[in-house]
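# Observations on chain architecture
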Amino acid sequence: MTQHTRAKSEVFTPSGQIQFGVFFQGVNSGTIWKAPESGSQTDFESFRRIAQTAERGLFAAFFLGEGLRLREHLGRPHALDVVGRPDAQTMLAALASVTTNIGLVATQNTTYNDPADLAHRLASLDLVSGGRAAWNIVTTDNAWTGANFRRGGYLDHADRYKHAEAFVETAKRIWDSWETPDGPARRVVHHGQHYTVDVTPRLPRSAQYRPVLFQAGDSPEGRNFAARQADVIFSAHPKFDDAVEFRKDLVERSVAAGRGANAVQIMPASEFILAPTAAEAAEKKAWVRSLQIGPQQAIAYLEQFWGRELSSYDPDGPLPEIDPVVEETSETRGSGFHGAKARQLADQWRAEAKDKGLSIRQFVTSKTARIDSTFTGSYTAVADHLAEYARVGAVDGFNISPWLIPTGLDDIVNHLVPELQERGVYPTDYRGSTLREHLGLETPVRTADEAAAAVRA
């Protein structure tokens, strides 16, 4: 691998290209799992099939979601969702043996890991994969999730990014402690608010120097964290105008953090529903939505906010006239429900559904249909649309959530990718052997002394 650095430009320069990643989710309601076409969410064969299809389509990365505890429904594990996920690094190590080029991204939580141990495990994945590992950095602070761990919910919400930054910088110091690729490694010592580390790294650098860092926080604090630490941000802004504004904001934050305007790449979450014609795509979309939100799912969705059984209500009838039994929903119900003002929301929703003439099922579909993240249309029309993203540099790529496992990428790889290649906005081969090379990221060369000086907490 050629180590290189670039001058830190304050002016963003579009690459004119986009790339794809695939997001194999954890707990979620967007994946169709009851249709005959649906495969297992836990069998290795499903992961292998998706990863190899993505690699055939020259996807930059295979991205694994993580859930540290199953979402609950009325006090029980949710029975109408895709649930569970094998350990990310175990699964990705297995996938490294049946793939050659695609990056392998593990979602790992800073709150319930230890930096020296996680840095070692990620370095191991990076070595066995030939420099294809990445870490999607996430934080958690609630005691419900923490009940699975000896520390419980020990981290205050206000401290989650302060803790995460110290954690990430400590991991970076461990990876950066080799002054030369062949060693020796320097001892790494960190004394912080939440933990103390005293470790001498056991593994040498990988072919890409260290794992690529992804991050998905969208609050101002999360964006600043990404601007300082991330190589790629997994954003929630796929719509064109919104993506352009997000890029502008992130460039400003990256420059303010002392990094270049092109330092952090952006890959928003997305869903693709494609067909040869617009009419066929619209028909397919209706089929997908009918299976994502069936009658049972529609009732269960409202039950998460109402906090009570609503099975006696007709999914094709009006919203319940009774009030929720909870004032505010808890984290046990998942991030999409956490913190909602249930009674206030019920009043708003009943008025909205009545005004629009929507049944329970129609209303829930309108609230959960990924309107902002779905690209629907013919292969040619969607390719033309994505080419415009590439032209202005609105994003660097899209992280695709397949709505069907394990065949949900087939249309994209077989039809959309060739259309994008014809327009000159999608790779025709992998750029090298490492994920950092695929993404066009510069090598983060810094000495152990520079790494030690970068620690913030």
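Residues numbered from 1 in each chain as written. Predicted model: local features only at pLDDT ≥ 70, side-chain atom pairs only at ≥ 80, totals over all residues. Heavy atoms only, no water.

Our focus in this paragraph is the domain arrangement of the protein. A common way to state how big an interface is: give the accessible area lost once the parts meet. Looking at the assigned domains, one finds that the protein contains domain 1 (19-277 + 371-453) and domain 2 (280-368). A separation of 30 Å is found between the C-alpha centroids of domain 1 and domain 2. At the junction of the two partners, domain 1 supplies 28 residues and domain 2 supplies 23 residues. In this assembly, domain 1 packs against domain 2 so that about 2200 Å² is buried in total across both faces, 59% of it on carbon and sulfur atoms. When residues of domain 1 are sorted by the area they lose upon contact with domain 2, Arg 71, Leu 74 and Leu 80 head the list and together hold 23% of the total. (Domains from an automatic or database assignment. Contact = heavy atoms within 4.5 Å. Buried area = accessible area lost by both parts, 1.4 Å probe.)

Moving on to the packing of helix α1 (residues 44-56) against helix α13 (residues 410-422). As a packed pair, α1 and α13 sit with axes 9 Å apart at the nearest point and diverge in direction by 5 degrees. Put simply, α1 runs roughly parallel to α13. Residues Arg 49, Thr 53 and Arg 56 of α1 form the contact with α13, whose participating residues are Asp 410, Val 413 and Asn 414. Residue classes in the contact of α1 with α13 are distributed as 1 nonpolar, 2 polar and 3 charged. (Axes fitted to C-alpha atoms, helices over the stretch in contact; angles between N-to-C directions. Helix = DSSP H or I, 4+ residues; strand = E, 2+ residues; numbered from the N terminus. Parallel < 35°, antiparallel > 145°, perpendicular 65-115°, else oblique. Nonpolar A, V, L, I, M, F, W, Y, C, P; charged D, E, K, R; others polar.)

This part covers helix α9 (residues 295-306). Over its 12 residues, α9 runs 17 Å from end to end, which matches the ideal 16 Å to within 8%, given 1.5 Å per residue. The element α9 is largely enclosed, with a buried count of 10 among its 12 residues. When we look at burial in α9, the residues that qualify are Gln 297, Ala 298, Ile 299, Ala 300, Tyr 301, Leu 302, Glu 303, Gln 304, Phe 305 and Trp 306. Packed against the buried residues of α9 are β3 (72-73), α8 (278-292), α10 (342-356) and α11 (360-368). (Expected span 1.5 Å × (residues − 1). Buried < 20%, exposed > 50% of the residue type's maximum accessible area, 1.4 Å probe, protein only.)

Along helix α2 (residues 88-96), the residues classified as buried are Ala 88, Gln 89, Met 91, Leu 92, Leu 95 and Ala 96. For α2, the angular spread of buried residues about the axis comes to 160 degrees, placing them on one side. Residues of α2 that are buried make contact with α1, β2 (61-64), β5 (103-109) and α3 (115-128). (Arc of directions from axis to C-beta.)

Pairing between the strands of a sheet is mediated by backbone hydrogen bonds and can be parallel or antiparallel. Across the sheet, which stays open at both edges, the 10 strands sit in the order β11-β10-β9-β6-β5-β2-β1-β14-β12-β13 with parallel pairing between neighbours. Looking along the sheet, the strands with just one partner apiece sit at the ends: β11 (265-266) and β13 (374-378). Where strand β9 (residues 212-215) lies against strand β10 (residues 232-233), 2 bridges are found, and the strand directions are parallel. The partner of Phe 214 across the bridge, within β10, is Val 232. In the packing of α1 onto the sheet, contacts are made with β1 (19-24) and β2, and the angle to β1 comes to roughly 175 degrees. Across the sheet, helix α6 (residues 220-229) lies against β6 (133-138), β9 and β10, angled at about 170 degrees from β9, the strand it touches most. (Pairing = 2+ DSSP bridges.)

With that settled, consider the pattern of salt bridges. Evaluation of the coordinates by the stated rule reveals 25 salt bridges. One salt bridge in this structure joins Asp 249 and Arg 253, with 2.7 Å as the shortest N-O distance. With Asp 249 and Arg 253 both in helix α7 (residues 240-256) and 4 residues apart, the pair spans about one turn of that helix. Residue Asp 249 is classed as buried on the basis of its relative accessible area of 17%. With a shortest N-O distance of 2.7 Å, Asp 384 and Arg 423 are connected by a salt bridge. Linking Asp 384 in helix α12 (residues 379-392) with Arg 423 in the loop between α13 and α14 (435-439), this pair joins segments that are 39 residues apart in sequence. With a relative accessible area of 28%, Arg 423 lands in the partly exposed category. (Salt bridge = Lys/Arg side-chain N within 4 Å of Asp/Glu carboxyl O.)

Among the nonpolar cores identified, the biggest contains 75 residues, and Phe 20, Phe 59, Phe 62, Phe 272 and Leu 386 are the most heavily contacted of them. With 8 residues, the top contributor of residues to this core is helix α5 (residues 160-176). In terms of nonpolar packing, the next biggest core, distinct from the first, is built from 19 residues, Phe 305, Phe 337, Ala 340 and Ala 346 among them. (Core = buried A, V, L, I, M, F, W, Y, C linked by side-chain atoms within 4.5 Å.)

Moving on, we come to unusual backbone geometry. Each neighbour pair has its own omega, and for Ile 405 with Pro 406 the value is 5 degrees, a cis peptide bond. Among the structural elements, Pro 406 can be located in the loop between β14 (397-400) and α13. Its identity as a non-glycine residue notwithstanding, Leu 58 has a phi of 60 degrees, on the positive side. Mapped onto the elements, Leu 58 comes out in the loop between α1 and β2. Of note in this structure, Leu 74 is not a glycine but carries a positive phi near 50 degrees. Here Leu 74 shows up in the loop between β3 and β4 (76-77). Taking the relative accessible area as the measure of exposure, Leu 74 reaches 24% and is therefore partly exposed.

Before going further, it helps to spend a moment on the pairing of β9. Burial along β9 is two-sided: Val 212 and Phe 214 and Leu 213 and Gln 215, pointing in opposite directions, are all buried. Where β6 meets β9, 4 bridges bridge the pair, whose relative direction is parallel. Looking at β9, one finds that Trp 135 is bridged to Leu 213.

Another aspect to go through is the environment of Phe 24. Mapped onto the elements of the fold, Phe 24 is located in strand β1. In the structure, Phe 24 is positioned 38 residues away from Phe 62 in sequence and 7.5 Å away in space, judged by C-alpha atoms. Among residues more than four places away in sequence, those in contact with Phe 24 are Gln 41, Ser 46, Phe 47, Ile 50, Phe 62, Phe 63, Leu 64, Gly 65, Arg 85 and Ile 405.

Among the structural elements, Asp 429 can be located in the loop between α13 and α14. For the pair Asp 429 and His 415, spaced 14 residues apart in the sequence, the C-alpha separation amounts to 16 Å.

Moving on, we come to empty space enclosed by the protein. The full count for this structure, using the stated rule, is 4 cavities of 30 Å³ or more. When its volume is computed, the largest cavity comes out at roughly 180 Å³. Among the elements of the structure, α3 and α5 are those that each provide at least two residues to the lining of the largest cavity. Residue contributions to the lining of the largest cavity peak at 6 residues, all from α3. In terms of residue class, the lining of the largest cavity is made up of 13 nonpolar, 2 polar and 4 charged. As a volume, the second largest cavity reaches approximately 50 Å³. If you go around the second largest cavity, the residues you meet are Ser 29, Thr 31, Ile 32, Trp 33, Lys 34, Leu 80, Asp 81, Leu 291, Gln 292 and Gln 297. Tallied by class, the residues present in the lining of the second largest cavity amount to 4 nonpolar, 4 polar and 2 charged. (1 Å grid on protein atoms, 1.4 Å probe; cavity = no way out; pocket = protein on both sides within 12 Å on 5 of 7 lines; lining within 4 Å. Points joined across faces, edges and corners; volume = space filled by probe spheres on them.)

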